[in-house]
Amino acid sequence: MELIIAIVAGISLAIVAFFLGINYRKKIAEALLGSAEKEAENIKEDARNKALAQKKEILLEAKEESIRSKNEIEKEAKERRTEVQRLEKRLLQKEEQLDKKSNSFEKKEEQLQKKIEKAEEHNAEIQEVLAKHTQELERISQMSREQAKDHLLSTIEHEVKTEAAVMIKEIEANAKQDADKRAKDILAVAVQRCAVDHVTETSVSVVQLPNDDMKGRIIGREGRNIRTLESLTGIDLIIDDTPEAVIISGFDPVRREIAKVALEKLVADGRVHPARIEEMVEKAKKEVETIIREEGESASLETGVHGLHPEIIRLLGKMKYRTSYGQNVLRHSIEVSHLCGLIASELGVDTTLAKRAGLLHDIGKSIDHEQEGSHVTLGAAVLKKYRESDIIINACEAHHGDVEATNIVSVLVMAADAISAARPGARRETLESYIKRLQKLEEIANTFDGVEKTFAIQAGRELRLIVIPEEVDDSGMTLLAREVAKKIENEVSYPGNIKINLIRETRAIEYAK
C-alpha cells in the first residue's frame, strides 16, 4: 500500500514537474518569440530605410541621365541645324552661280548664233568665189573638174605604187635574207643525199628472141598461141618486122611484166602451145607476185618504215611497175621518204612519221588503173582501210593540194614530192604537153600592159619578159613581176618553180654621116 502511494506520489510529482517544465518552456518560447518579432521589425525597418535611400539614389541618377541625354540631343540638334543652314547657304550660292552661268550661256548662244549667221554668209561668199576660181582654173588648164580629179588620183596612185614597190623590195629582202639561206641549206643537203637513180619505162616492153623463126611458133597455128597468151595475160603482143624482137603492149604494168616473164620462159623452153602457155603464165604470176612482195619489203627496210600492213607492202611492191612522167613511182616514193626524213630532222619534227608519210603518199597509184578515182582519193581510202594515222592520211590527201594540210608532216611531204618530181632528169613530159605549157606561160605574160616580148626558156623554168621602158618604170617592174607570178600560179600546173625575169632597157641610136 505504501508502495502504491509512493508510486502515485511519484507519478503526481512527475506530472507536476512536467507541467511546470512546459510552462517554463512556454515562457522561454514567448520571450524568444517576442525577441524575434522585435528583431524582424528592426530588419524590416532597416530594409525600408535602405530601399528609400536606394530609391532616392536611382531617381537622382535617372534625373541626371535624363538631363545629360537632353543636353546631348539639344547639342546634336543644334549641330544639325547649323549643318542644314550651311547647306542651304551653299545651295543658294549654287543657284546664284547657275543663274549667272545660264545668263552667260544665253549670251554666248546669241553670240554663237550671230557668228553662225556670219559664217554662213562668208561660206556663201567663199563658195561663190570658189566657183569663179574653179571656172577660171578649168579655163586656164583646159580640164574639167572631173578630169583634174582623175589626173590627181592617177598621180597619187603612181606615187603609191612606187612606194609600195620599194616597200615590197625591202620586206622581201629582209624576209629572204635568213629564210632563203636556211631553206637552201636544208634542201641542198636533202637533194644531195637522196639523188637516187630512176628507171624510165613506157607502156610497152620488148622481149628479145633468139631468131625470127620463134615468131611463128609464138603465133601458132591460126594464131592460137598468141590468142591464148593475150587472153590469159590481158595484154597485146605486137609481132612486126622488128628483127628478133616481140613487143608487149599494155597499160597495166603488172600484167605486162607477167606476160614478159611468161614469154621469156616460153622462148627459153622452146615448147610453145596453149597448155604450156597456161603453165608458164601461172608460174610468171607467182614469180611476179613474189617480186612485188620482196620489192615492198625492200622499200620498207630501205626507208626504215616498219609495222606496215601486208597488203600495203604488196601495194608498195606493185609501184615498181608503175611510172609517172617516166619516173618510177616506187623509187620516187622512197626518195620522197628520205627527203621527208632529212628535212624533218633539220626542223626537229618526228622523223619516223615523216618518212612513213613520204613512203605512202602515192600508194593510190598502185591501184588507180584498176579502180575509178584519182590516186589521191584511192590512196587515202587504202590508208583508212588499213588504219593508218590521220596525219599519214592527210599527207596523202594534201600532197597535191586537193585538201588543206593540217599538220607540218603534210607540208613536208608536199615539199619533198615537189623536189623529187622537179629536179632535172627526174621526170619527162610528152612533147605536146611541154609545148602547151610553154605557150601558156608566154600567153599569160603577154596579157599584161607594158610587156613587149616574152620568152619561156630553160625548159619552162624561167620566163623572161622585155618591157616597154616608157610604160613600166623601175619601181613598177617589181609589181609587174609579182602580178605575173600570181597569175601563173593560179592558171598553170607545173613542177618546181618558175623564175619571172623582167628586162627594161632604153637605147638611143644615131648615125654619124
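Residues numbered from 1 in each chain as written. Predicted model: local features only at pLDDT ≥ 70, side-chain atom pairs only at ≥ 80, totals over all residues. Heavy atoms only, no water.

Attention now goes to a negative patch on the surface. Residues Glu117, Glu120, Glu121 and Glu125 make up a contiguous surface patch of negative charge. Residue position: glutamate 125 is located in helix H1 (residues 2-141). (Patch = residues over 30% accessible without salt bridge, like charges linked within 9 Å, V, L, I, M, F, W, Y side chains within 5 Å. Areas by Shrake-Rupley, 256 points an atom, 1.4 Å probe, with all protein chains shown as cover. Salt bridge = Lys/Arg side-chain N within 4 Å of Asp/Glu carboxyl O. Lys, Arg positive; Asp, Glu negative; His and termini not counted. Charge placed at Lys NZ, Arg CZ, Asp CG, Glu CD. Helix = DSSP H or I, 4+ residues; strand = E, 2+ residues; numbered from the N terminus.)

What follows deals with the side chain of arginine 356. Relative to the assigned elements, arginine 356 resides in helix H9 (residues 351-360). A polar atom in the side chain of arginine 356 sits 3.4 Å from the backbone oxygen of glycine 307. Excluding residues within four positions of it along the chain, arginine 356 makes contact with Val305, His306, Gly307, Leu308, Glu388 and Ile392. (Polar contact = N/O pair within 3.5 Å; in protein donor to acceptor, adjacent residues only side chain to side chain. Contact = heavy atoms within 4.5 Å.)

On to helix H4 (residues 224-233). The set of residues buried in H4 consists of Asn225, Ile226, Thr228, Leu229 and Thr233. The buried side chains of H4 occupy one side of the element, clustering within an arc of 160° when seen end-on. At its buried positions, H4 is contacted by helix H3 (213-219), strand E2 (236-238), helix H5 (253-269) and helix H6 (274-303). Trailing H4 by a residue or two, glycine 234 shows a phi angle of about 75°, which is positive. (Buried < 20%, exposed > 50% of the residue type's maximum accessible area, 1.4 Å probe, protein only. Arc of directions from axis to C-beta.)

Turning our attention to the pattern of salt bridges. On inspection of all chains with the given rule, the structure shows 17 salt bridges. With a closest N to O distance of 3.9 Å, arginine 293 and glutamate 289 form a salt bridge. Here arginine 293 pairs with glutamate 289, and both are found in helix H6, just four residues apart, close to one helical turn. Taking the relative accessible area as the measure of exposure, arginine 293 reaches 34% and is therefore partly exposed.

It is the contact of H9 with helix H11 (residues 390-398), at a shortest axis distance of 9 Å, that shows an interaxial angle of 45°. As judged from the angle between their axes, H9 and H11 are oblique. Crossing angle aside, the handedness with which H9 passes H11 is right-handed. Here Leu353, Arg356, Ala357 and Leu360 of H9 lie close against H11, whose contacting residues are Ile391, Ile392 and Ala395. For the contact of H9 with H11, the class distribution of residues is six nonpolar, no polar and one charged. (Axes fitted to C-alpha atoms, helices over the stretch in contact; angles between N-to-C directions. Parallel < 35°, antiparallel > 145°, perpendicular 65-115°, else oblique. Left-handed = near helix turned anticlockwise from the far one by under 90°. Nonpolar A, V, L, I, M, F, W, Y, C, P; charged D, E, K, R; others polar.)

By themselves these figures say nothing about function.
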